[in-house]
Amino acid sequence: MQKLTNKEEEIMHILWKLKKAFVKEVQAEITEDQPHYNTLSTIVRNLEEKGFVAHNAFGNTHQYYPLITLEAYSKKYMKTAIDNYFNSSYKNMVSFFAKEEKISAAELREILAMIETPKEDK
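Everything numeric in this text was worked out from a predicted model, so none of it was measured.

So, the overall build of the protein
Regarding its fold elements, the protein presents six helices and three strands. For the protein, the succession of helices and strands along the chain, N to C, is α-β-α-α-β-β-α-α-α. In summary, the protein has a C-alpha radius of gyration of 19 Å against a globular reference of 14 Å for 122 residues, an excess of more than 25%. Considered along the principal axes of its C-alpha atoms, the protein spans approximately 55 × 35 × 25 Å. Residues counted as buried form 25% of the 122 residues belonging to the protein. Taking all contacts inside the protein whose residues are at least 6 apart in sequence as the whole, residues at least 24 apart take part in 47%. With the model as given, the accessible surface of the protein reaches about 9100 Å², and the carbon-plus-sulfur share is 53%.

Here it is, written out as structure tokens:
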């Protein structure tokens, strides 16, 4: 799975939210730095070439939908971020957010409770 550009990620988040959309619908969801329709169409086709989206044809227009789930993409790139920025250590990541005051003691206790709760067999 390839890493996406910031604009590609933005478009994927829109498609994950909408589930399926025409380029005009994607364009309507972009609030800042809205690209021209043709530019956006090219980006969506690039996402299709990369295997992130597919389409259903309706005459000359296409309705796009994601092939990769948000969860699968997040899992892959969170691991990469943790490897690259926190020396492959979840402890380093959590302590970074604690030092930056981006996570509260209550949230840390919730995380600890999740870790300590035995997982049910699937």
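A closer look at the sheet that holds strand 2 (residues 53–58)
Here we have three strands laid out as an open sheet, ordered 1-3-2, and antiparallel in their pairing. Both outer strands of the open sheet, strand 1 (21–22) and strand 2, are each paired with one neighbouring strand and no more. Both strand 1 and strand 3 (residues 61–66) contribute to a ladder of two bridges, which runs antiparallel. Bridging from a neighbouring strand, F22 pairs with Q63 of strand 3. The strands that helix 1 (residues 6–18) touches are strand 1, strand 2 and strand 3; relative to strand 3, the one it contacts most, it runs at about 90°. Contacts between helix 3 (residues 37–49) and the sheet are confined to strand 2 and strand 3, with strand 2 contributing the most and set at about 120° to the helix.

Here's the deal with helix 5 (residues 90–99)
With a side-chain oxygen positioned 3.3 Å from the backbone nitrogen of K91, the residue opening helix 5 is S89. In the stretch just after helix 5, E101 is the one whose phi turns positive, near 60°.

Observations regarding the packing of aromatic side chains
Counted according to the given criterion, the structure contains seven aromatic pairs. With a centroid separation of 6.0 Å and an interplanar angle of 45°, the aromatic rings of W16 and Y73 are classed as tilted. Highlighted residues: W16 in helix 1 and Y73 in helix 4 (residues 70–85), separated in sequence by 57 residues. Here the aromatic residues W16, F52, Y73 and Y77 are joined through ring pairs into a cluster of three or more. Sitting over the face of the ring of Y77, K3 holds its NZ or CZ atom 5.3 Å from the ring centroid. The side chain of K76 reaches across the aromatic face of Y77, ending 5.8 Å from its centre.

Conventions we followed
- Residues numbered from 1 in each chain as written.
- Predicted model: local features only at pLDDT ≥ 70, side-chain atom pairs only at ≥ 80, totals over all residues.
- Heavy atoms only, no water.
- Helix = DSSP H or I, 4+ residues; strand = E, 2+ residues; numbered from the N terminus.
- Rg over C-alpha atoms; globule rule 2.2 N^0.38 Å.
- Buried < 20%, exposed > 50% of the residue type's maximum accessible area, 1.4 Å probe, protein only.
- Contact = heavy atoms within 4.5 Å.
- Areas by Shrake-Rupley, 256 points an atom, 1.4 Å probe, with all protein chains shown as cover.
- Pairing = 2+ DSSP bridges.
- Axes fitted to C-alpha atoms, helices over the stretch in contact; angles between N-to-C directions.
- Polar contact = N/O pair within 3.5 Å; in protein donor to acceptor, adjacent residues only side chain to side chain.
- Phe/Tyr/Trp six-rings, centres within 6.5 Å; stacked < 30°, edge-to-face > 60°.
- Lys NZ or Arg CZ within 6 Å of the ring centre and 35° of its normal.

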